[in-house]
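Coordinate analysis (summary)
Now for the letters of each chain:
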Amino acid sequence: MNKEELLHSYFQEELSAEQLEVFTTLLAEDAEFKEQFRFEKDLQMAIKNKERNHLKKKLKYIEEQHTTDSLGNTRFFSPTKIAAAIIVLLTVGGIIFSIIDQPNADKLYTINYEKYPNTVYAITRGNDSENTLVRKAFIAYEVNDIDTAITYFEKLKQNTDLSYVDFYLAQCYLANGAIEKAVSLFEQVANKNTDFKMEALWYAALGNIKNKEEVKAKQQLEALVLAGTYKKQLAIELLEDLE
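The model shown is predicted, which means the values in this text are computed figures rather than measured ones.

In this section: the packing of helix α10 (residues 179-190) against helix α11 (residues 197-210). Their axes nearest at 8 Å, the elements α10 and α11 cross at an angle of 150 degrees. With respect to α11, the element α10 is oriented roughly antiparallel. When you trace α10 past α11, the crossing you get is left-handed. Two secondary-structure elements touch here, α10 through Ile179, Val183, Phe186, Glu187, Val189 and Ala190 and α11 through Lys197, Ala200, Leu201, Tyr203, Ala204, Gly207, Asn208 and Lys210. Its residues assigned to classes, the contact of α10 with α11 comprises 9 nonpolar, 2 polar and 3 charged.

Structure follows, in C-alpha cells:
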C-alpha cells in the first residue's frame, strides 16, 4: 500500500493494525507525509463544516414549515414525518453526527504526538567521565532504546537533582506506552517552575487524551493557550477537535 492509499484508508477507518503502525511511523519520520496528512485533515474538516452548515439550513427550513404555512397560519406535520425527514438529511452524504463527529482519542494522540528531542545534552565522541550516566541515558534516548533510557533516567532521578530528568523520564514512559506513569510525572513537572513547564503541559494533555481524560486534557490545553509560549496554535486546534 503506497502513501496515498494509506492516507485514504486512514480517513475511511479501514487500516489494519499493521498498516496503522506503518502510518504512525510515517507520521513521526516523514515530514512530507505529515504535511500531506495535515492538508487532507484540513480539507476534510472544511468539507464537513460546509455539509454541517447546509444541514442546519435544511433543518431550520423543516422547523419553519412545521410551524407555519405560506400565509403565516399554524400547521403541524406528524412527528413520524418530521423524524423521517431529519433521518434522511442526517444520512445523506454520510453525515451521522453521533458517530462521525465524536473524536477518536487514539487518532488525536497519534496525529499530535512526537517524541521531544534531546535539547539538554550534546553527545560527542570524547570521553565524559563526569556525566557518564547522563551521557548513556541520552544516547539510549536518541536511538530509541527506550527501555535502556528508562533504566538510566530512573537511576539519575534517584541519585541526582537535575531538573530535566523527570521530563525526559516521562517522555520515555510515554514512548513505552506507560501512559499513566508519564502523565503523573509530566503533571509534576508542569506544577514546578522549570524550563520544561509548558512542554510538560502539552504532553500531559496528550496522555490524558489517550486515557480519555478529556476534562483534564482541556484544562491543560487551555493553560497552554493562555501562556502562548509553546504549541499555542496546535493546542487551539486540539481543543476544537475535542469539542
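A surface patch of nonpolar side chains, about 230 Å² in accessible area, is lined by Ile123, Ile139 and Val143. The topology assignment puts Val143 in the loop between α7 (132-142) and α8 (146-159).

Once that is clear, we can look at the pattern of salt bridges. Tallied over the full model, the rule gives 6 salt bridges. Between Asp106 and Lys210 there is a salt bridge, with the nearest N and O atoms lying 3.1 Å from each other. Of the two residues, Asp106 sits in helix α6 (residues 105-112) while Lys210 sits in helix α11, which places them 104 residues apart along the sequence. By relative accessible area, which is 36% here, Asp106 ends up partly exposed. Among the salt bridges present, the one from Asp166 reaches Lys157, with a minimum N-O distance of 2.8 Å. With relative accessibility at 12%, the residue Asp166 sits in the buried group.

In an α-helix, one full turn covers 3.6 residues, which means residues spaced three or four apart are oriented alike. Between the first and last C-alpha of α8 there are 20 Å, a value that for 14 residues agrees with the 20 Å anticipated at 1.5 Å per step. Those residues of α8 that sit buried are Ile146, Ala149, Ile150, Tyr152, Phe153 and Leu156. Taken together, the buried residues of α8 touch α7 and α9 (165-175).

This part covers the packing of aromatic side chains. In this description, an aromatic ring pair is defined by two values, namely the gap between the centres and the angle between the planes. For the structure shown, the criterion picks out 24 aromatic pairs. Their ring planes at 90 degrees and their centres at 5.3 Å tell us that Phe167 and Tyr168 sit as a pair that is edge-to-face. Since its relative accessible area comes to 0%, Phe167 is described here as buried. Centroid distance Phe167 to Phe196: 4.5 Å. Interplanar angle 10 degrees. Geometry classified as stacked. Here Phe196 lies in the loop between α10 and α11 and Phe167 lies in helix α9, a separation of 29 residues in the sequence. The ring of Tyr10 carries the charged tip of Lys107 above its face, separated from the ring centre by 5.2 Å. Between Lys115 and the ring centre of Tyr141, over which it is positioned, the NZ or CZ distance is 4.2 Å.

Axes are the key here: two packed helices are described by the angle between their axes and the distance separating the axes. With their axes 8 Å apart at the nearest point, α11 and helix α12 (residues 214-227) run at an angle of 155 degrees to one another. Relative to α12, the element α11 is oriented roughly antiparallel. Taken as a pair, α11 and α12 cross one another with a handedness that is left-handed. Seen from α11, the contacting residues are Met198, Leu201, Trp202, Ala204, Ala205, Asn208 and Ile209; seen from α12, they are Glu214, Lys216, Ala217, Gln220, Leu221, Ala223, Leu224 and Ala227. The residue makeup of the contact of α11 with α12, split by class, is 11 nonpolar, 2 polar and 2 charged.

Below, the discussion takes up the nonpolar core. In terms of nonpolar packing, the biggest core is built from 51 residues, with Phe153, Tyr168, Phe186, Trp202, Tyr203 and Leu221 touching the most fellow members. Listed by contribution, the elements that provide at least two residues to this core are α6, α7, α8, α9, α10, α11, α12 and α13 (232-242). The element contributing the most residues to this core is α11, with 9 residues. Tyr203 has contacts with Tyr113, Glu114, Lys115, Tyr116, Phe167, Gln171, Leu174, Phe186 and Tyr230, leaving out every residue within four places of it along the chain. Judged by nonpolar contacts, the second largest core, of 11 residues, contains Phe11, Leu15, Phe23 and Ile111.

What counts, and at which threshold
Sequence order sets the numbering: in each chain, residues are counted from 1 along the sequence as written. Totals for whole chains, interfaces and linings use all residues, but because this is a predicted model, local features are given only for residues with pLDDT of at least 70 and pairs of side-chain atoms are given and counted only at 80 or more. As a convention, hydrogens and water are excluded, and side-chain values are obtained from all of the structure's heavy atoms. Here, axes are lines fitted to C-alpha atoms. For helices the fit covers the stretch in contact, and angles between N-to-C directions go from 0 to 180 degrees. Segments assigned H or I by DSSP are reported as helices when at least four residues long, segments assigned E as strands when at least two residues long, and all are numbered from the N terminus. For this classification, under 35 degrees means roughly parallel, over 145 means roughly antiparallel, 65 to 115 means roughly perpendicular, and everything else is oblique. Crossing handedness: left-handed means the near helix sits turned counterclockwise from the far one by under a right angle, and right-handed means the same turn made clockwise. In this description, contact between two residues means that some pair of their heavy atoms is separated by no more than 4.5 Å. Classification used: nonpolar for Ala, Val, Leu, Ile, Met, Phe, Trp, Tyr, Cys and Pro, charged for Asp, Glu, Lys and Arg, polar for all others including Gly. A residue counts toward a patch only above 30% relative accessible area and without a salt bridge, and it is joined to like-charged neighbours within 9 Å or, for Val, Leu, Ile, Met, Phe, Trp and Tyr, to nonpolar neighbours within 5 Å. We get accessible surface area from the Shrake-Rupley algorithm with a probe of 1.4 Å; when it comes to residues, only the shown protein chains can shield them. The term salt bridge refers to a side-chain nitrogen of Lys or Arg lying within 4 Å of a carboxyl oxygen of Asp or Glu. A 1.4 Å probe rolled over the protein chains alone gives each residue an accessible area, and that area as a share of the maximum for its type sets the label: buried under 20%, exposed over 50%, partly exposed in between. A helix is expected to span 1.5 Å multiplied by its residue count minus one. Note on ring pairs: Phe, Tyr and Trp rings are taken, using the six-membered ring of Trp, and paired if centres are within 6.5 Å. Classes follow the plane angle, with under 30 degrees stacked, over 60 edge-to-face and the rest tilted. In this analysis the charged atom, NZ for Lys or CZ for Arg, is taken to sit over a ring once it is within 6 Å of the ring centre and within 35 degrees of the ring normal. Residues belong to a common nonpolar core when they are buried Ala, Val, Leu, Ile, Met, Phe, Trp, Tyr or Cys residues joined through side-chain atoms within 4.5 Å.

These figures capture arrangement, not role.
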